[in-house]
Structures are given as structure tokens and as C-alpha cells.
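Here are the chains, one letter per residue:
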Amino acid sequence: METSDDTEVLVVGGGATGVGVARDLAMRGVDVTLTERGGLSAGTTGRSHGVLHSGARYAEADRAGAEECIAENETLREIAGVCVADTGGYFVSLSDDDEAYFERKLAAAREVGIDAEEVSVEAAREAVPGLTDDVTRAMRVPDGVVYPSRLVAATAADAREHGAEIRTHAPVEEIHTADGRVTGATVDGDRVDADAVVNATGAWAGECAALAGVDVAMRPTKGAMVGVDYEGLGPVLNRCRDPADGDIAVPHRGRAVLGTTSVVVDDPDEYDEESWEVERVVDECAEMVPAFADAEIRSTYWGVRPLYEPDETHRGAGSRSADDAATGDERGISREFALLDHDPDGVAGFYSIVGGKLTTHRVMAEATADRVCERLGVDADCRTADAPLVGADDAERVDGFVDEFDARSPADADVVGGEPGDGE
Ligand SMILES: Cc1cc2nc3c(=O)[nH]c(=O)nc-3n(C[C@H](O)[C@H](O)[C@H](O)COP(=O)(O)OP(=O)(O)OC[C@H]3O[C@@H](n4cnc5c(N)ncnc54)[C@H](O)[C@@H]3O)c2cc1C
């Protein structure tokens, strides 16, 4: 039988963005319920590559995105403890790569305030054992590693500490509206009344918005990751060229996680996991570290990027998304985020937060919470950048949250549950 519950704000989706929104609102004293159809981080967050981006990857092409990355990279290092690892990162050019691109990236990274520095090839080879002899130039950047399951679970636990209710295995099945505004949702058979609903369902944002009769144009792309046996990679390793398949290797405990690809998919729940993607990722990454070619493959997994296909008619005032429209090449779609206020679509109090990155989830949440609080008449500042996540310095405690919220996921299965300090 249908029961009824109520909350001020219902957040749909328990990836990094959704738990970030729940934490932010709860810290401002708002009554918030988050609901996720699976375990937390069951979507893209738990299937990402896990780079805590410095922004250097985007600096020459997307200045605003790079600025957001470096700011959030620094914030997460402060507040997220064992959910991130300060490994550092390198960009390397090989003999076939464009020297001018290296120069452009270095200059652009510095311009946006990223501490990027060219180092000698010898220094890079010392920092990255096994690096190919074919390296011609190398740049050190403050990339790091983020463990998505831990980050999501600790953020959710922190939201709960501040009064949020976190529901898992509870899908939103209907969104209710009346008189041009949202009134709540049906969650796993129960009616939940709400003054505002935040759609933080990432690649599924189109489907969720459709429940309220609203159109959100997403263009999800899948990417493959390959975990191989490799001891001591050290820093995150990036190929210094225009983003392409197989240009990043991420250090994990006794492994390197290689990636990735980018292929448009129609349905984020239904796509082929293709062997050519795995082969291409390994082959390309082996150009940087030849030993990857023969390393034992321990895991393969795919994630789907929540790329928003910008549509000017859906841009509400205050959207923080980039203005560069889709180019038809999925890599050209903005990695920045868009906050969509669906009031002009006839559903006041309903918001979608799409795009962005794991690295920038906190600032996406801040922009969303600002807008929701404005609507609710809540006058409280964002405090999420200043306060550490609950248990942030205690790997065992955070891994306990991971289990409690059923947040274990492929992106960091080899790290979560290890000895404190492992993989960090
Ligand atoms: C291959 C790949 C590699 C990436 N690598 C990086 C990286 O190295 N660094 C980085 O910063 N970013 C990276 N990203 C981007 C990053 O992972 C995403 O931008 C981010 O995780 C998206 O988080 P989200 O919370 O918005 O979406 P998600 O994590 O997908 O969360 C949305 C949630 O909504 C839930 N949901 C859907 N429908 C419903 C419903 N009806 N009811 C309830 N719940 C619902 C889903 O189950 C899901 O858990 C990568 C992405 C991909 C695909």
C-alpha cells in the first residue's frame, strides 16, 4: 500500500553530485532526503577513472573547466582525507606528438594557476618507472587519485550527520506536479511530498526529467577502463596530446588502471562492452609504458559520461555551463556542468544538475544548493569547502560507510577494504 512521507528537498541520484547536494543542503539546515535506485555510486561515479584532475588536461581547450578543477582538487585534498591520494601527475610527449601542443598546455595550465612545471625526461623516468625511452618532454602537474566509493560514502555519511535521510535501492518512479510546480515523487512505491526536487541522475537525467514531463537533452558516451597488474606506477600518467583513446594510466595498489574510450550510446543502461576498446586502451597506454602490453588484465569496466548536449532553450539564468555548443564530436561537448531550472518548462522547484566531473562535484552541488535555497527562502552560506568529511582520516571507518551504503564499485574495488594507508 502506498504510504506518504515528506521532506523539503528530494535529491534523486546517489552519485557524487547527488550526495554532494544532499550534504550541502543539510549543512545549511534544510530538510533533505536523497534517494538512489541502486547502492550509492552505482552509476557513473563508481565507474569513473578516478583521476583527481588538476585541470591540466583541459587547460588549453576549456579554461573555465580547468579553473574549476584546480580549485576543487585543492579543496578535496583538504576535506576528503582517505578518499583521495596525493600521487601527483605527469604529462608526457612522445616523439610523434606535437611539440606545440605541449607548449600550449604548459602555458595555459600556468595561466589558470595550476602548478605545472616542465621537468627533464630523466626526472620523469625516475618518477614513473617503466616510462618509454620515446618520451621527448615531460610536465609535472598536481593530479591525484580519487576513490569514488569512499568519497560518495563519506559525503553521504556527512550529509546524514547533518540530518539528511539517505535511501538506497529506492528508485524514483514518478514525479508529481500541480499548478506549474513540483510537489513530490513516488519513491519505491511510497509518495514523498517535497517543496523542491533535484534531478542528480547524471547520464539518466533525461529519463528522470521525463517523469516530470520535462526534456533534458543528454548525449551519454561510454568509456572503458582496464585494470592491469603493475607495481609502483607512482603518479597519474597522461599522454600530452589532444584527448584520445588510451591516454591516462592511474596508479592503484599493485595495479594501474588504464583508460579510456569515448563512444556515444543511446541508452546508459544498454550498451556493448567491446573487446576492441580494451585492446585499444592497452595498446595506446603501452606506448607510454611498454610493460602494460604484457601485464595481466585483472579487471575491465565501463562508465557512461553524463554529457549534456547544450540547448539554449533549456538554459536557466545562473547556469554555470560553458557556452561552447556540441560540435558533433562527443569529445567537444562541454565537461563543465549545467544547472537547469525547470521553472520555464512549467515545473517550478524542479532542477537538473548535469555534466561536470567527479572532481568538480562539490562546486556543482554548491551551485545547486544556492539555487534551491533561494527558492526556499533559506539564507545560509555554503560550508562544504571548509569542513572535513566525517571519518575522512580513518580508512576503516570510511570503508564501513561504503559497506553500509552498498557503495562498493569497480573503480576502487582493489583499494576499499584494504589496510589503512594501502593505496594512498
Ligand atoms: C569513462 C569515464 C571516466 C571518467 N573519469 C573521470 C575522472 O578520472 N575524473 C573525474 O573527475 N571525472 C571522471 N569522469 C566523470 C565522472 O565520473 C562523472 O562526471 C560523475 O561521476 C557523475 O556523477 P553524478 O553523480 O552526476 O552521476 P552518477 O554517478 O551516474 O549518479 C547518478 C545516479 O542516479 C541514479 N539514478 C538514475 N535514475 C534514478 C532514479 N529514477 N531513481 C533513483 N536514482 C536514479 C543512478 O543509479 C546513479 O547512481 C569519468 C566518466 C567516465 C564515464
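Model, not experiment: these values are computed from the prediction.

Reading guide: rules and limits
- Counting of residues starts from 1 at the beginning of each chain's written sequence and follows it residue by residue.
- In view of the model being predicted, local features appear only for residues whose pLDDT reaches at least 70, and side-chain atom pairs are presented and counted only at 80 or more, with totals across whole chains, interfaces and linings using the full set of residues.
- As a rule here, side-chain values come from all non-hydrogen atoms in the structure, and water together with hydrogens is ignored.
- Here the nonpolar core consists of buried residues drawn from Ala, Val, Leu, Ile, Met, Phe, Trp, Tyr and Cys, with membership extended through side-chain atoms lying within 4.5 Å.
- Relative accessibility decides the category of a residue: with a 1.4 Å probe and only protein chains considered, values under 20% of the type maximum give buried, values over 50% give exposed, and everything between is partly exposed.
- When checking whether two residues touch, look at their non-hydrogen atoms; a contact exists if any pair is within 4.5 Å.
- The numbering of helices and of strands both runs from the N terminus, where a helix is a DSSP run of H or I of at least 4 residues and a strand a run of E of at least 2.
- Polar contact is defined as a pair of N or O atoms within 3.5 Å, subject to the rule that within protein one atom must be able to donate a hydrogen and the other to accept it, and that residues adjacent in sequence are counted only when both atoms are side-chain atoms.
- Axis angles are defined between N-to-C directions and span 0 to 180 degrees, where every axis is a line fitted to C-alpha atoms and, for a helix, only to the segment in contact.
- Here is the rule for angles: anything less than 35 degrees is roughly parallel, anything more than 145 is roughly antiparallel, 65 through 115 is roughly perpendicular, and the remaining ranges are oblique.
- The residue classification treats Ala, Val, Leu, Ile, Met, Phe, Trp, Tyr, Cys and Pro as nonpolar and Asp, Glu, Lys and Arg as charged. All others, Gly included, are polar.
- Two strands qualify as a pair provided that DSSP identifies no fewer than 2 bridges between them.
- Whether a residue is near a molecule or strand is decided by its heavy atoms; if any one of them lies within 4 Å of it, the residue is near.
- In these tables, accessible area is a Shrake-Rupley quantity obtained with a 1.4 Å probe, and a residue counts as shielded only by the protein chains included in the view.
- Those domain boundaries reflect an automatic or database domain assignment.
- Computed over the protein atoms alone on a 1 Å grid, cavities are sets of points where a 1.4 Å probe fits but cannot get out and pockets are open sets with protein on both sides within 12 Å along at least five of seven lines; a residue lines them when it has an atom within 4 Å of a point.
- Grid points are joined across faces, edges and corners, and a volume is the space filled by probe spheres set on the points.

Peer 1: When you look at the nonpolar core in this model, what are you seeing that I'm missing?
Peer 2: Side chains of nonpolar character tend, in soluble globular proteins, to be buried together. Formed by 54 residues in total, the largest nonpolar core has its most connected members in Val9, Leu25 and Leu40. With residues near it in sequence (within four places) discarded, leucine 25 still touches Val9, Val30, Val32, Ala369, Val372 and Cys373. By size, the runner-up hydrophobic cluster in this structure holds 29 residues, among which are Ala249, Ala286, Met288 and Val289.

Peer 1: Teacher, can you tell me more about the side chain of arginine 23 here?
Peer 2: When you line up the elements, arginine 23 lands in helix α1 (residues 16–27). Here the side chain of arginine 23 touches aspartate 158 through a polar contact of 2.7 Å, side chain to side chain. Apart from the residues lying within four places of it in its own chain, the contact partners of arginine 23 are Ile79, Thr155, Asp158, Ala159, Thr384, Ala387, Pro388 and Leu389.

Peer 1: How do you make sense of the packing of helix α2 (residues 63–79) against helix α8 (residues 361–376) when you look at a structure like this?
Peer 2: Between two packed helices, the angle of one axis relative to the other and the distance separating the axes together describe the packing. At a closest axis distance of 8 Å, the pairing of α2 and α8 adopts a crossing angle of 100 degrees. Taken together, α2 and α8 sit at an angle that is classed as roughly perpendicular. Contacts between α2 and α8 involve Glu68, Glu72, Thr75, Leu76 and Ile79 from the former and His361, Arg362 and Val363 from the latter. Within the contact of α2 with α8, the residues separate by chemical class into 3 nonpolar, 2 polar and 3 charged.

Peer 1: Can you walk me through the pairing of strand β19 (residues 337–341) in this structure?
Peer 2: A regular strand places its side chains on the two faces of the sheet in alternate fashion. Among the 5 residues in β19, 5 count as buried, and that is most of the element. Pairing between β19 and strand β20 (residues 350–355): 5 bridges, direction antiparallel. Bridge assignment links phenylalanine 337 to a residue of β20, and that residue is glycine 355.

Peer 1: Looking at this structure, I do not really get the site of the ligand. What am I missing?
Peer 2: As a structural note, the neighbourhood of the ligand is formed by 35 residues, with Thr17, Glu36, Thr45, Val51 and Thr359 the closest of them. Threonine 17 is positioned with one of its side-chain polar atoms (N or O) 2.8 Å from an oxygen atom of the ligand. Here glycine 356 contributes a backbone N or O atom positioned 3.2 Å from an oxygen atom of the ligand. When the ligand sits alone it has 1,000 Å² of accessible area, and the protein chains cover 95% of it. Counting only elements with at least two residues in the shell around the ligand, the list comes to α1, β13 (221–229) and β18 (297–305). Split by residue class, the shell around the ligand holds 12 nonpolar, 19 polar and 4 charged. Built from parts of two domains, the shell around the ligand gets at least three residues from each of domain 1 (4–46 + 148–219 + 307–412) and domain 2 (86–143 + 221–303).

Peer 1: I tried to follow empty space enclosed by the protein on my own but got confused; where do I start?
Peer 2: Rolled over the atoms, a probe as big as a water molecule pinpoints where empty space is left. One pass over the full model with this rule turns up 1 cavity of 30 Å³ or more. Taken as a whole, the largest cavity encloses approximately 50 Å³ of empty space. If you trace the largest cavity, you find it lined by Gly20, Arg23, Leu76, Ile79, Leu151, Thr155, His361, Arg362, Ala365 and Thr384. Elements that contribute at least two residues to the lining of the largest cavity include exactly α1, α2, α5 (148–161) and α8. Top element by residues in the lining of the largest cavity is α8. It accounts for 3 residues. Residues that form the lining of the largest cavity fall into these classes: 4 nonpolar, 4 polar and 2 charged.

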